[in-house]
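In case you want the letters, here they are:
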Amino acid sequence: KNEVEQSPQNLTAQEGEFITINCSYSVGISALHWLQQHPGGGIVSLFMLSSGKKKHGRLIATINIQEKHSSLHITASHPRDSAVYICAVRSQGAQKLVFGQGTRLTINP
Amino acid sequence: GAVVSQHPSWVICKSGTSVKIECRSLDFQATTMFWYRQFPKQSLMLMATSNEGSKATYEQGVEKDKFLINHASLTLSTLTVTSAHPEDSSFYICSGTRDVSYEQYFGPGTRLTVT
């Protein structure tokens, strides 16, 4: 079992839909990252969080430390949101990240 | 702020030659840099962690003599793929952290094709 599991692996939705991507992890962490990777390959860090909730524009990230679970929500989804979304965790005392397998999101117009 | 660049963005080389990839933090000092590789439709795999002025720490299974990493300054790290082979063809991504929060800032990646 991977340390970081994401679901779903693939998600296709219509423009405007509310999107939720889930991430579960099995280790104690210092922080959890949500990353976005577009088809060209470049990676953008969306959020780094260790508790509670963060919001940036149409993106919302939540984390429940007790349940070892995080969600990334996208409101009013748009075709430009189509990308691979990656959850990554940093274990307590560690520098490196452990990555989930990614969720490929496709938003159709 | 916190921009990381990589050069080149893509490179094609012949089998047996060496290729150097540069990773620069443009507007911050990266005390630690990470090098990843990514195969198609797979997630990132950490190759090594490098702290400025120190030898890189390689992940298990990564040949340190094949993938030479140098982090000579707080704004530049290089990855040299020596004696490249077609199986080294991959997408190589670097990232840097600037402080104890360890938030990582990723470069745009370098696509290496070995023919």
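No experiment lies behind these values; they were computed from the predicted model shown.

Trainee: What should I look at first to understand the interface of chain B and chain A in this one?
Mentor: Interfaces are frequently sized by the accessible area removed from exposure as the parts join. Listed by partner, the interface residues are 21 residues for chain B and 19 residues for chain A. Buried area between chain B and chain A, summed over both chains or domains, comes out near 1,600 Å², and the portion from carbon and sulfur atoms is 55%. Counting every contact that joins chain B to chain A gives one salt bridge. Counting the contacts that link chain B with chain A gives four residue pairs in polar contact (both at pLDDT 80 or more). Of all the secondary structure elements, the ones that give two or more residues to the side of chain B that touches chain A are β4 (32-38), β5 (45-51), β9 (90-97) and β10 (104-106) of chain B. Top element by residues in the side of chain B that touches chain A is β4(B). It accounts for four residues. The class makeup of the residues in the side of chain B that touches chain A is nine nonpolar, eight polar and four charged.

Trainee: Just to check I follow, could you spell out the packing of aromatic side chains for this structure?
Mentor: Think of a pair of aromatic rings as described by two things: how far the centres are apart, and how the planes are tilted against each other in angle. Counted under the stated rule, the structure contains five aromatic pairs over all chains. Counting every residue linked through ring pairs, the aromatic cluster contains A:Phe99, B:Phe34, B:Tyr36 and B:Phe106. The residue whose ring lies beneath B:Lys66 is B:Phe67, and the NZ or CZ to ring-centre distance is 5.9 Å.

Trainee: Even after reading the chapter, I still don't get the pairing of strand β3 (residues 19-25) of chain B, so can you show me in this structure?
Mentor: Moving residue by residue along a regular strand, the side chains alternate between the two faces of the sheet. All names here are of chain B. Residues Val19, Ile21, Cys23 and Ser25 of β3 are buried on one face, while the alternating residues Lys20, Glu22 and Arg24, pointing to the opposite face, are not. Here four bridges tie strand β1 (residues 4-7) to β3, and the two strands are oriented antiparallel to one another. Following the sheet pairing, Val4 is matched in β3 by Ser25. Of the pairings in the sheet, the one linking β3 to strand β8 (residues 76-81) comprises six bridges and is antiparallel in character. The partner of Cys23 across the bridge, within β8, is Ser77.

Trainee: Explain the side chain of B:Lys66 to me, please; I cannot follow it from the model alone.
Mentor: Residue and element names in this part refer to chain B. Here Lys66 lies in the loop between β6 (57-58) and β7 (67-73). Given a relative accessible area of 12%, Lys66 falls into the buried group. Other than its neighbours up to four places away in sequence, Lys66 contacts Thr80, Val81, Thr82, Ser83, Ala84, His85 and Asp88.

About the thresholds
- Residues numbered from 1 in each chain as written.
- Chains lettered and ligands numbered in written order.
- Predicted model: local features only at pLDDT ≥ 70, side-chain atom pairs only at ≥ 80, totals over all residues.
- Heavy atoms only, no water.
- Contact = heavy atoms within 4.5 Å.
- Buried area = accessible area lost by both parts, 1.4 Å probe.
- Salt bridge = Lys/Arg side-chain N within 4 Å of Asp/Glu carboxyl O.
- Polar contact = N/O pair within 3.5 Å; in protein donor to acceptor, adjacent residues only side chain to side chain.
- Helix = DSSP H or I, 4+ residues; strand = E, 2+ residues; numbered from the N terminus.
- Nonpolar A, V, L, I, M, F, W, Y, C, P; charged D, E, K, R; others polar.
- Phe/Tyr/Trp six-rings, centres within 6.5 Å; stacked < 30°, edge-to-face > 60°.
- Lys NZ or Arg CZ within 6 Å of the ring centre and 35° of its normal.
- Buried < 20%, exposed > 50% of the residue type's maximum accessible area, 1.4 Å probe, protein only.
- Pairing = 2+ DSSP bridges.

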